Amino acid sequence: MPERDTIAVAMSGGVDSSTAAAMLAQAGEPVVGLTLQLWDQTRLAGKHGIPDAPKAGRCCSLDDVYDARRVARQLGIPYYVVNQEARFEQDVVRPFVAEYLAGRTPVPCSLCNNHLKFDQLLQTARSIGASRIATGHYAINEYDAERGRWILKRPADTAKDQTYFLFGLTQAQLAHTLFPLGRLTKPEVREEARRHGLALAEKPDSQEICFIPGGNYKQFLTAYLEEQGETMPETAGELVTSTGEVLGRHEGISNFTVGQRKGLKVASPTPLYVLQIDPASHRVTVGADEDLATSTLRANRVNWISIAELTEPMRVKVKIRHRHEPAWATLEPGVRTDEVVATFDEAQRAVTPGQSSVFYDGDEVVGGGWIL
Amino acid sequence: MPPGASGAARVYMDANATTPLLPQVVEAMRPFWTESFGNASSIHLDGQRARTAVDQAREILAELFHCHEAEVVFNSGGTEGDNTALFGLLRPGDHLITTSIEHSAVLQAARRVGGGGGVGVTYVDPEPSGLIHPEAIRAALRPETRLISVMLANNETGVLQPVEAIGKIAAEAGAFFHIDAVQAAGKIPLDVRRIGCHLLSISAHKMHGPKGVGAMFVRRGTPLEPLLVGGSHERRRRAGTENVPGIVGLGKAAEVAMTSLEDGTWDRVAALRNRLETGLVTMSGTGLNGAGSDGKPVTRVANTTNIWFDHVEGEALVIALDLKGVAVSGGSACHSGATEPSHVLLAMGLDKTRARASLRFSLLKTASEADVDHVLRVTPEAVEKLRAVSPVAAGTLG
């Protein structure tokens, strides 16, 4: 029997990836469903305030695997769970913990997409005879013959736009990746799910980071380090103003993120915000809201999508965190090869080291990098 | 639909996971769903009909075990037998000797009695061949050793453990001896007197019987506390209304299995397994798990082989072969259905990468030459494809 071009669909057990699988299967494509088992939700449950029973709608919970399996059964497609727990811990959880302990604010979803999910899916897909993968991300991926490049674009549903987390996709990855939901809105996706009779059509979206049930980073760090037999490094230090005046002490830099207002525990007539975290001196600088504004941003480990490389200044809009409205800036090559500098037209609030910055030209993703 | 996934022309080489019911087993069970539905504990004729069927099955099992009928206890399968042996004999202060290559039904029960249960537990490691050396069991003995629990045939490698020698050690030490014979029953003769064990557990579905039923040999006089209490079924050793159709199915399966032990079936299967094994290990970067220092396989059940394929993720190879119509297994399924590296292979000293790169092929006794041909045709192709996309392979070979 000649082999047809099979598509491996990453199925999380949520509405989006289930609907993506249903649409491809209905279009007559040969489809195989895969769930990457990334994190054992019971592993740290009950420790240091982490919820005992993970809520439904969380990636990798048994309920979600059950849901994905049920959808695959309904669609009549083969379905497998692939164990990537060891890789996930090494490539996502460990760097996440290290970043936090170094006073930065990491984006684990981008780490996962850049270093694990797409690589592993493509590799597993190829090894089982599938040349393409599909995911339920809201993004558009199109080949532009003129430029000879695969172009990642913002989706029809701008509120669900996930291009911010996908900036690390290489041309080789994009060439084999489908985003079936790119031209649909979330309500249309739910409608499509209902039309396919999927029982999970009304399942709520998952918002939190998959390995941090309850969303409390500090609980996770404490429980994880304890499990690893490691101690939280001592990072207590001074809380200072930008002029160097010492306002008090804090218990550790991993309690802070740039722009944070709560939990500073100092009395002040005006609201104070974290401006800067210095991992070397453990000093946390605080100041007024207006002091949070920065007009330039440096990013490294840059990946280019719509262009091959940045040779001259380029006008782009820059997004500096998931819920940030992209702001006009001029992008220029940095001092090092994989670095860029963005100069904003208007200063932006809380540019946070460790987060990703993604550059847009209209709807197209030019590229992105990690904020220094 | 991808090729091979549709169910057409499938080759099933995962007999150690489960086996299909033989037609004569289905037939034997059939009357006991609707016509002869009685409760074997009832006094009336309907009940008596069920009782007779259960007793007949018990006679067959006694023949299989080489024991007295009164020493056969029906239960729900291997896990229950293993759990009953440990929970039913061990009390705080006791010591248990078992091995690191047991089924998780023994290992998890050992962990429970060892954890909160106040029982000392020694896990004896195998030699690199997968064999447990009897002297390693002897070395683990303590004055308070109450139970030794060792499997007869390992589910992952098929390696047969020297249970007769261990039985002698147990007798000398005055310890009870339990054997998990789930993977051995029906594949090799069982003789509980010769082995000298006090308890032995089997499961019906590994020998072409139904799932959810099993049996245990309990030597007379063994002070085994029941796991389930309630009615006085099974001479108060296992409460709960007898699973009459299941027990009848187990009896029939055991009867057929005893015939197969004598008619050359397993010699034929061994020849097929050997051809498969030889064919697979001729590929470069492959080898056999469960070989002695001379490279030759140690004594195994006839249907099992376990092979490593370097630069291959076993989990992906299982999926690739499944899509080519071949059912095999690698490692053990974890909570979600994903695969963990086999604890058996790790205990034999394989590193995690090679344990993950290993697959178990376990043949049904009905396996054919054509099945082996098919697997020998599709496996090298799938392995090549996997190696081509493997970053490990690219780094090492390229």
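Residues numbered from 1 in each chain as written. Chains lettered and ligands numbered in written order. Predicted model: local features only at pLDDT ≥ 70, side-chain atom pairs only at ≥ 80, totals over all residues.

Participant: So what exactly am I meant to see when it comes to the overall build of chain B here?
Facilitator: On a plain count of helices and strands, chain B comes out with 15 helices and 14 strands. For 398 residues, the compact-globule formula gives about 21 Å, and the C-alpha radius of gyration of chain B, at 22 Å, lands near that figure. Counting only C-alpha atoms, chain B reaches 75 × 55 × 40 Å along its principal axes. For chain B, restricting intrachain contacts to residue pairs at least 6 apart in sequence, the fraction spanning at least 24 positions comes to 72%. (Helix = DSSP H or I, 4+ residues; strand = E, 2+ residues; numbered from the N terminus. Rg over C-alpha atoms; globule rule 2.2 N^0.38 Å. Contact = placed C-beta atoms within 7 Å.)

Participant: Would you mind showing me how to read the overall build of chain A here?
Facilitator: Secondary structure assignment for chain A yields 7 helices and 17 strands. Relative to the globule expectation of 21 Å for 372 residues, the C-alpha radius of gyration of chain A, 22 Å, shows essentially globular dimensions. Considered along the principal axes of its C-alpha atoms, chain A spans approximately 75 × 50 × 35 Å. Within chain A, counting contacts between residues at least 6 apart in sequence, those at least 24 apart form 65% of the total.

Participant: Honestly, the domain arrangement of chain B in this entry has me stumped. Any pointers?
Facilitator: Note on interface size: it is often stated as the accessible area lost on association of the parts. Residues and elements named next belong to chain B. For chain B, the assigned domains are domain 1 (11–16 + 264–389) and domain 2 (23–260). The gap between the C-alpha centroids of domain 1 and domain 2 is 27 Å. Taken together, the contacts link 23 residues of domain 1 with 21 residues of domain 2. Among the elements of the structure, helix H10 (265–281), strand E10 (304–309) and helix H12 (343–347) are those that each provide at least two residues to the side of domain 1 that touches domain 2. Looking at side-chain class alone, the side of domain 1 that touches domain 2 contains 9 nonpolar, 11 polar and 3 charged residues. (Domains from an automatic or database assignment. Nonpolar A, V, L, I, M, F, W, Y, C, P; charged D, E, K, R; others polar.)

Participant: How do you make sense of the nonpolar core when you look at a structure like this?
Facilitator: One recurring pattern in soluble globular proteins is that nonpolar side chains are buried together. Ranked by size, the top nonpolar core spans 135 residues in total, and within it A:Ala8, A:Val9, A:Ala21, A:Leu24, A:Leu34, B:Leu317 and B:Ala320 carry the most contacts. Excluding its chain neighbours within four sequence positions, the residues that come into contact with A:Leu34 are A:Ala8, A:Val9, A:Ala10, A:Met11, A:Tyr80, A:Val82, A:Leu121 and A:Thr124. Counting 79 residues, the second-largest nonpolar core is a separate cluster that includes B:Ile179, B:Leu224, B:Val244 and B:Val256. (Core = buried A, V, L, I, M, F, W, Y, C linked by C-beta atoms within 7 Å. Buried ≥ 20, exposed ≤ 12 C-beta atoms within 10 Å, placed from the backbone.)

Participant: I tried to follow unusual backbone geometry on my own but got confused; where do I start?
Facilitator: With glycine set apart, most residues show a phi of negative sign, and most peptide bonds adopt trans. All names here are of chain B. A positive phi angle, near 60°, is found at histidine 66, a position not held by glycine. Within the fold, histidine 66 resides in the loop between helix H2 (45–65) and strand E2 (72–75). For histidine 66, a count of 14 C-beta atoms within 10 Å corresponds to the partly exposed category. With phi around 55°, arginine 235 is a residue other than glycine that occupies positive phi space. As for its position among the elements, arginine 235 is in helix H8 (residues 233–236).

Participant: How should I be thinking about the confidence of the model for chain B in this particular structure?
Facilitator: Regions with low pLDDT should not have their predicted coordinates read in detail. All names here are of chain B. In the predicted model, chain B carries a mean pLDDT of 93, and the fraction of residues at 70 or more is 94%. Per-residue pLDDT stays below 50 along residues 1–7; that stretch engages in 15 contacts with residues further than four places along the chain or on separate chains. Low pLDDT, under 50, characterises residues 393–398; the stretch is placed with 3 contacts to residues that sit more than four places away or in other chains. Scored as a complex, the prediction yields pTM 0.84 and ipTM 0.77. (pLDDT = per-residue confidence, 0-100.)

Participant: What am I meant to see in the packing of H10(B) against helix H14 (residues 369–389) of chain B here?
Facilitator: When two helices pack together, their arrangement is given by the angle between the helix axes and by the axis-to-axis distance. All names here are of chain B. Contact pair H10 / H14: the axes reach a minimum separation of 10 Å and the direction vectors enclose 15°. Judged by the angle between their axes, H10 and H14 are roughly parallel. The way H10 lies across H14 gives a crossing that is right-handed. Note on element contacts: H14 touches H10 through Glu369, Val372, Val375, Leu376 and Thr379, opposite Leu272, Arg275, Leu276, Gly279 and Leu280. (Axes fitted to C-alpha atoms, helices over the stretch in contact; angles between N-to-C directions. Parallel < 35°, antiparallel > 145°, perpendicular 65-115°, else oblique. Left-handed = near helix turned anticlockwise from the far one by under 90°.)

Participant: I keep staring at the confidence of the model for chain A and nothing clicks. Help me out?
Facilitator: When pLDDT is averaged along chain A, the result is 89; 97% of the residues meet or exceed 70. Here helix H4 (residues 108–127) of chain A is the element of chain A with the lowest mean pLDDT, 86, and strand E6 (residues 149–153) of chain A is the one with the highest, 98.

Participant: Looking at this structure, how should I read the domain arrangement of chain A?
Facilitator: Looking at chain A, the domain boundaries give domain 1 (6–136 + 180–215), domain 2 (235–287) and domain 3 (293–371). Inter-centroid distance (C-alpha atoms) of domain 2 of chain A to domain 3 of chain A is 27 Å.

Participant: Where do I start with the sheet that holds strand E8 (residues 237–241) of chain A in this structure?
Facilitator: The pairing of strands in a sheet comes from backbone hydrogen bonds and takes either a parallel or an antiparallel form. Residue and element names in this part refer to chain A. Pairing in this open sheet of 4 strands is mixed, and the strands run E9-E8-E11-E10 from one edge to the other. Lying at the two open borders of the sheet, with one neighbouring strand each, are strand E9 (246–250) and strand E10 (273–278). Each strand of the sheet is rotated relative to its neighbour by a mean of 30°, with strand direction disregarded. In terms of strand pairing, E8 meets E9 through 4 bridges, oriented antiparallel. Its bridge partner being in E9, leucine 239 is matched across the sheet by glycine 248. (Pairing = 2+ DSSP bridges.)

Participant: Honestly, the pairing of strand E5 (residues 145–151) of chain B in this entry has me stumped. Any pointers?
Facilitator: Put simply, side chains in a regular strand alternate between the two faces of the sheet. Residues and elements named next belong to chain B. For E5, the tally of buried residues reaches 6 of 7 residues, placing the bulk of the element in the interior. Two elements, E5 and strand E6 (residues 176–180), share 5 bridges in a ladder whose sense is parallel. Directly across from methionine 151, in E6, lies its bridge partner aspartate 180. For the crossover from E5 across helix H6 (residues 163–173) to E6, the handedness is right-handed. (Right-handed = clockwise from strand over helix to strand, strands pointing away.)

Participant: What is the right way to look at the packing of H2(B) against helix H9 (residues 244–260) of chain B in this model?
Facilitator: Residue and element names in this part refer to chain B. Packing of H2 against H9 brings their axes to within 9 Å, and their N-to-C directions diverge by 35°. Helix-helix and strand crossings are classified by hand; for H2 and H9 the assignment is left-handed. Across the interface between the two elements, Ala50, Ala53, Val54, Gln56, Ala57, Ile60, Leu61, Glu63 and Leu64 from H2 touch Val244, Ile247, Val248, Leu250, Gly251, Ala254, Glu255 and Met258 from H9. Grouping the amino acids of the contact of H2 with H9 by side-chain chemistry returns 13 nonpolar, 2 polar and 2 charged.

Participant: I keep staring at the sheet that holds strand E3 (residues 79–83) of chain A and nothing clicks. Help me out?
Facilitator: Residue and element names in this part refer to chain A. Strand order in the open sheet formed by 5 strands is E3-E2-E1-E4-E7, with parallel pairing between adjacent strands. The open sheet has two edge strands, E3 and strand E7 (177–178), and neither has a second partner. Examined bridge by bridge, strand E1 (residues 6–10) and strand E4 (residues 130–134) share 4 bridges and lie parallel to one another. Looking at E4, one finds that threonine 6 is bridged to alanine 130.

Participant: I tried to follow H2(B) on my own but got confused; where do I start?
Facilitator: Two residues of an α-helix separated by three or four positions point the same way, owing to the 3.6 residues in each turn. Residue and element names in this part refer to chain B. The end-to-end C-alpha distance of H2, which contains 21 residues, comes to 30 Å, matching closely the 30 Å that a straight helix rising 1.5 Å per residue would cover. Of all the residues in H2, the buried ones are Ala50, Ala53, Val54, Ala57, Arg58, Ile60, Leu61, Leu64 and Phe65. Looking straight down H2, one finds that the buried residues subtend no more than 165° of arc, so they occupy a single side. Buried residues along H2 sit in contact with E2, helix H7 (192–195), strand E7 (199–203), strand E8 (214–218) and H9. Phi turns positive, to about 60°, at histidine 66, one or two residues after H2. (Expected span 1.5 Å × (residues − 1). Arc of directions from axis to C-beta.)

Participant: I tried to follow the environment of A:Ala139 on my own but got confused; where do I start?
Facilitator: Residues and elements named next belong to chain A. With respect to the element layout, alanine 139 can be found in the loop between E4 and strand E5 (140–144). Spatially, the C-alpha atoms of alanine 139 and cysteine 112 are 17 Å apart, while their sequence positions differ by 27 residues. Beyond its immediate stretch of four places on either side in the chain, alanine 139 contacts Leu152, Pro155, Gln162, Thr163, Leu166, Phe179 and Gly182.

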